[in-house]
Amino acid sequence: MSLIGAIRADTQRAARLRRSAVGYLFILPIVGFFLAFVLYPFIRSFYISLTRWAGYGTPEFIGLRNFDALLHDSIFWTALKTTLTFTAISTILQTLLPMLLAILLNAGWRGGTLFRTLLFIPQVVSLVVSGLLWQLLLDGNFGIVNRVLADVGLHALTRHWLADTHTVLASILAVSLWQSLGFYMLIFFAGLQGIDRTLYEAARVDGANRFQEMLRITVPMLRPVTAVVVTLNLIGGVKVFELIYVMTGGGPDHSSEVLGTYLYGLAFGSTAGSIPAVGYATAVSVVVFILGMATVVAQFWMTRRSRNVY
Amino acid sequence: MTESRIADSKPMSRRTFLGRSAAGGLALGAPALASACGGGGGSGGKAKIRMWTWYSEQQALWPKVIKDFEKAHSNIQVENRIFGDTNSYLPALQASVSAGEPPDIFAPHVLAIQYGKAGIALDLKKALGSDFLSGFFPSTNAEYSDGGKQYAIGWMAQTFGIFYNTEIFTRAGVDVPETWDDFSSAAAAIRQKTGLVPCSLSNNPGPSGLDFFLPLITQVTDNPQLVLDLDMQRGGTTWNSPQVVQALSLVQKLVKEQAFGSGINGVTGTQAATAFYTSKAAMLYSGSWEPQGFRMNAPASFQSKYKVMQTPAWAAGKKHWCANQAGAGLSVAAGSKNKDAAIEFLKYMYEPARYAQIMNQSHSMPSTVAAGQKIQDPVLKEMTSWLIKGNGCPHILFGKGSSDSASNELAALIGGKKDPQAVAAGIQKAVHQAQGR
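Residues numbered from 1 in each chain as written. Chains lettered and ligands numbered in written order. Predicted model: local features only at pLDDT ≥ 70, side-chain atom pairs only at ≥ 80, totals over all residues. Heavy atoms only, no water.

(A) Representation of the overall build of chain A in the model. Tallying secondary structure elements over chain A gives 13 helices and 2 strands in all. A compact globule built from 310 residues would reach a C-alpha radius of gyration of about 19 Å, whereas chain A, at 26 Å, exceeds it by more than 25%. Expressed as lengths along the three principal axes of its C-alpha atoms, the size of chain A is roughly 100 × 70 × 30 Å. Classification of the 310 residues of chain A by burial places 42% in the buried group. The contacts in chain A between residues at least 6 apart in sequence include a share of 66% that link residues at least 24 apart. When the accessible surface of chain A is summed, it comes to about 17100 Å², and 69% of that surface belongs to carbon and sulfur atoms. Here chain A contributes 22 positive and 14 negative side-chain charges, whose respective centroids are spaced 14 Å apart. (Helix = DSSP H or I, 4+ residues; strand = E, 2+ residues; numbered from the N terminus. Rg over C-alpha atoms; globule rule 2.2 N^0.38 Å. Buried < 20%, exposed > 50% of the residue type's maximum accessible area, 1.4 Å probe, protein only. Contact = heavy atoms within 4.5 Å. Areas by Shrake-Rupley, 256 points an atom, 1.4 Å probe, with all protein chains shown as cover. Lys, Arg positive; Asp, Glu negative; His and termini not counted. Charge placed at Lys NZ, Arg CZ, Asp CG, Glu CD.)

What follows is the structure, given as structure tokens:
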């Protein structure tokens, strides 16, 4: 290489470096933010889960003892079981019902827009407000739900909905469904708009009826959207907290305790008046993280599968 | 005009942009940085005391109290923050403690002893002196004491009794019960003759049921120290002792007899009180804060309909032990640069005439004997008289894992899932497990 060529190459390299440096400078704030507020707390959480720590003083390293204690903690297992139950049922209900509603509304009913708007309204109300509202409606002594049941002659069905271990989770699931139905329905509705109409025309030429169209065209074509809705529901189910915290605080007798409410109670002791066990609570949060990761992996798997199919 | 000026202006180079951005950022961040590094000093050389509580009962009174104090102490400034409830207060307190900057004066909730042992809360026996503390009801001092030190003082005391609706009692033809057996009979009569819930009781969140159960242990033993020792697992005491089982057996008996409403484990304090003042329940087992709530929430016609009775005795002739402590206390941060100023403010607030006035004006139960003798509210006066007689006993658990363990197991007993023996053993086992965390 000639001297001029070498100088030119050096100059180009320097210019490239300068350009890169400017680029790095621009992303520096967000990288710094990510390191300080995401990565460091994330790594630190794993460390804290291996310690005995009340949130003050020096954490005492105890290895895997917190996780060993979790294995023998009956409330943890109850919370895990309830979390998985809540996640499974809410995912099924909050996927199938919105999908059916979206398909029905997509059929072009008169007043469909109004109905869609009405269903979406609960979504704009915060979870905390919804929880407080439904806590009043479901109150065993003064709630409207019991009053209506009694007034229409169904007194035998009146319950302490949130105070009865047999009905509390179903009540919360119903509120969760009420809250999210409109949102997921809109996602499905948007998905339905993207389906090529010629597919239906071709099916009709082949003699398919409406039910067959739905089964053979609509549902399969909605698979990518369904994957998104299922994933959102799974993640929402694993990390469910606000609604249950506000409505029952995990009670009665831990029958609506989920991992979120349990770890919050352990870390801050606010509902139970307990001494904080931040190390132990962080071990619970690690379990929540693992469940969340499993959900993300499931999402990748489902997305890839639907991509392979089409 | 503006457009041409923009067009004429020289384009800003990347370097200039970055340089100016950095300068701007520094300019914006400098004040925050300066204030963060400023330490605990107040404005204009004043010592600034930060006080955090959730005690909204005195919300309207604080501005005047603080203004008068600052007027008398020109070198001290008080910044008072009242949180809505413990659910919002405790995480904030914990975050400040974790960050090493707790407020100078704070409500310790159930953490006073733990914070004291960790060097976060100041030993007030040393700072205020034994004479100062001797004016408090013994039960409100005992709850914050361990190893000869005291890490908080009571602000508002709480005493539990049974509020009852005199009209419903008349309709049912029952008298104020002397013992728990009398209470059972009265409950049966109320249920039979009026169809109403005999007594409203809440156990949501869990620890509220302990307010009913723990005094029964003292009633069995006539020893208020036992619950404190069980809480701290001192002196070889264990939760699975026969006395605890006896107390639990009474709870089970009353639940089975339907002396309380259904769904106790899901009933909140507000719901229990509402059932009482809307005349759906003849009685309400609750604390000395209720009269203030009745005044705010109940119909005016209700105010003359209710009275309060002592907790029934274990047997005829025995003492009417009643739950009493100061759930609302005040601690001083041991590491505070302004702890002398904080102590000065505490002394000012607790000056007998001033403290009695604050408690009377806020319809709160005081923690000192002197203020207790000056109570004007008739219901609170009645409840305070039980303390002056020495009937107060503990009902708040402070030890690691105690509150959670006892409330979980009590809920299982109330829910009919476990018997008293299994519950007592369960508490002991859970406390042991929790202490290892």
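(B) Quick look at the packing of aromatic side chains. Residues and elements named next belong to chain B. By the definition in use, this model includes 45 aromatic pairs over all chains. Seen from their ring centres, Tyr144 and Phe398 are 6.0 Å apart, and the 75° between their planes marks the pair as edge-to-face. You can see Tyr144 sitting in the loop between helix H8 (138–142) and strand S4 (145–146) and its partner Phe398 sitting in the loop between strand S11 (392–393) and helix H20 (402–414), a full 254 residues away along the chain. On the accessibility criterion, Tyr144 (0% relative accessible area) is buried. Seen from their ring centres, Tyr277 and Phe294 are 6.2 Å apart, and the 80° between their planes marks the pair as edge-to-face. Within this pair, whereas Tyr277 is found in helix H14 (residues 269–277), its partner Phe294 is found in helix H15 (residues 290–297), the two being separated by 17 residues in sequence. Phe294 sits in the buried class, given a relative accessible area of 0%. (Phe/Tyr/Trp six-rings, centres within 6.5 Å; stacked < 30°, edge-to-face > 60°.)

(C) Summary view of the environment of Leu214 of chain B. Residue and element names in this part refer to chain B. By the element assignment, Leu214 lies in helix H11 (residues 210–221). Put simply, Leu214 and Pro394 are 180 residues apart on the chain and 7.1 Å apart in space, counted from C-alpha to C-alpha. Contacts of Leu214, omitting those with residues within four sequence positions, involve Val227, Trp239, Pro394, His395, Ile396 and Leu397.

(D) Main features of the environment of His160 of chain A. Its location among the elements puts His160 of chain A in the loop between helix H6 (144–151) and helix H7 (168–193). On a C-alpha basis, the gap between His160 of chain A and Ser255 of chain A in space is 14 Å, while along the polypeptide they are 95 residues apart. Ignoring sequence-local partners within four residues, the contact set of His160 of chain A consists of Gly140, Asn141 and Thr167 of chain A together with Ser262 of chain B.

(E) Examining the nonpolar core more closely. Residues and elements named next belong to chain B. Formed by 64 residues in total, the largest nonpolar core has its most connected members in Tyr89, Ile105, Tyr115, Trp155, Phe345, Met349 and Tyr350. A total of 7 residues in this core trace back to one element, the largest contributor, which is helix H16 (residues 339–349). The next biggest cluster of nonpolar side chains, apart from the first, holds 51 residues, and it includes Leu214, Val227, Leu248 and Leu413. (Core = buried A, V, L, I, M, F, W, Y, C linked by side-chain atoms within 4.5 Å.)

(F) Summary view of the packing of helix H12 (residues 259–268) of chain A against helix H4 (residues 86–98) of chain B. Closest axis-to-axis distance for the H12 of chain A/H4 of chain B pair is 10 Å, and the angle between their directions is 60°. Accordingly, the angle class assigned to the pair H12 of chain A and H4 of chain B is oblique. On H4 of chain B, the residues touching Tyr264, Ala267 and Phe268 of chain A of H12 of chain A are Asn87, Leu90, Pro91 and Gln94 of chain B. (Axes fitted to C-alpha atoms, helices over the stretch in contact; angles between N-to-C directions. Parallel < 35°, antiparallel > 145°, perpendicular 65-115°, else oblique.)

(G) Quick peek at the side chain of Glu213 of chain A. Residue and element names in this part refer to chain A. Looking at the secondary structure, you find Glu213 in helix H9 (residues 210–221). Residue class for Glu213 comes out buried when judged on its relative accessible area of 6%. Side chain to side chain, Glu213 and Arg204 meet in a polar contact 3.0 Å long. With residues near it in sequence (within four places) discarded, Glu213 still touches Tyr200, Ala203, Arg204, Ala208 and Thr218. (Polar contact = N/O pair within 3.5 Å; in protein donor to acceptor, adjacent residues only side chain to side chain.)

(H) Quick peek at unusual backbone geometry. Residues and elements named next belong to chain B. If you check the backbone angles, His109 has positive phi at about 55° while not being a glycine. Structurally, His109 can be placed in the loop between strand S3 (105–106) and helix H5 (112–117). For His109, a relative accessible area of 15% translates into the label buried. For His363, which is not a glycine, the phi torsion comes out positive at approximately 50°. Checked against the element boundaries, His363 lands in the loop between helix H17 (352–361) and helix H18 (369–372).

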